[in-house]
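Letter by letter, the chains look like this.
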Amino acid sequence: IESSIEEPLLGDDTDTANPNNHVTFQLVEEGSKRRKTKLVDSLGYSYNVRSKRSYATYWQCTVRPRGNACKATVIQQDGTFQAGANAHNHSSEPGAVTAAKIVKLVKEKALEDKFKPASAIVQELGLQTAYSNDEATYRFIRKLMALPFLPHYEIRPMFVRLSVLAHTQPLHNLTDYIQEQWIESTIFTPKDWSVFKQPIRTNNNIEGWHNALNRRAGGQCRLQFYLLIELLHREARLTSITIKLVSDKKLKRIQRRKYRQLRQK
């Protein structure tokens, strides 16, 4: 993660001191999971907006489990912050400001490239060393990567169970990214990317066809347009023949032994 996260100010954050108890408050734009503004104090407590009025903004603690919601509040008025009468009923989270900024940066990077590979995300989140050297981190990430092999209706519950086991901030950031991009996404739902009991679970066939097409094109990286049209037309003419041969079981996939063995598991 970028070292600038540790700096006092990042982006549009503001820092205002409360003279009564020397607790400082900082606003982190898009610092919540839903990309809303989050308020974090210097003790490590986080708040989200409960309500807004023309004269003040009322913040409530983000720790709100059912039946035991924290009642601590903060009132923002004229650029100052005043803690409410209720105290927190839970311990603080040191580094909450930094964590909120990391979440913000992760979401910004995710929105820049929705198709970024998992390896790039792991590297950017500073997990590459831990993945290689720490057995627990390695197993945790491998379990996340195995989610597509589950039935689509079991992916979300299993992800929730795994998220609880994230014991470091980088792993929390990774699960936040997966939740945002793959679990809660309206573009790629778990039903879209689950490969449970599907005979073809990778894009190896497409890659193989691309490589074969490239060979037939003579390996030219800048094939002239009219030559490409002719090549694709020839491929299209063979498609109906290929379909018939496959239907008659006279044509089979060329597949390496190790992939056949993996498929049988």
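Before going into details, it helps to say that this report is about the structure given with it. It should be emphasised that the depicted structure is a prediction, and the values quoted were computed from it without experimental measurement.

Conventions adopted
- Residues numbered from 1 in each chain as written.
- Predicted model: local features only at pLDDT ≥ 70, side-chain atom pairs only at ≥ 80, totals over all residues.
- Heavy atoms only, no water.
- Salt bridge = Lys/Arg side-chain N within 4 Å of Asp/Glu carboxyl O.
- Helix = DSSP H or I, 4+ residues; strand = E, 2+ residues; numbered from the N terminus.
- Buried < 20%, exposed > 50% of the residue type's maximum accessible area, 1.4 Å probe, protein only.
- Pairing = 2+ DSSP bridges.

Applying the stated criterion across every chain yields a total of 4 salt bridges. As a salt-bridge pair, Arg139 and Glu135 come within 2.8 Å of each other at their nearest N and O atoms. Linking Arg139 with Glu135, this pair stays in helix α4 (residues 135-145), spanning 4 residues, or about one helical turn. Note on Arg139: relative accessible area 51%, which makes it exposed. Using a relative accessible area of 45% as the deciding quantity, one classes Glu135 as partly exposed. Ionic pairing is found between Lys244 and Asp248, a salt bridge with its closest N-O pair at 3.7 Å. We classify Asp248 as partly exposed; its relative accessible area is 38%.

Of note, the phi angle at Lys197 is positive, near 60°, even though the residue is not glycine. Along the chain, the position of Lys197 falls in the loop between α7 (190-193) and α8 (204-216). Not every positive phi belongs to a glycine, and Lys249 is a case in point at roughly 60°. Residue position: Lys249 is located in the loop between α9 (225-247) and α10 (257-264). A relative accessible area of 71% means that Lys249 is categorised as exposed.

Attention now goes to the pairing of strand β3 (residues 38-41). Here β3 shows a buried face lined by Lys38 and Val40 and a second buried face lined by Leu39 and Asp41. Inspection of the sheet shows strand β2 (residues 24-28) paired to β3 by 4 bridges, in the antiparallel sense. The residue of β3 that forms the bridge with Val28 is Lys38. Here β3 runs beside strand β4 (residues 46-52); their pairing, made up of 2 bridges, is antiparallel.

In short, the description is geometric, and any link to function would need to be established separately.
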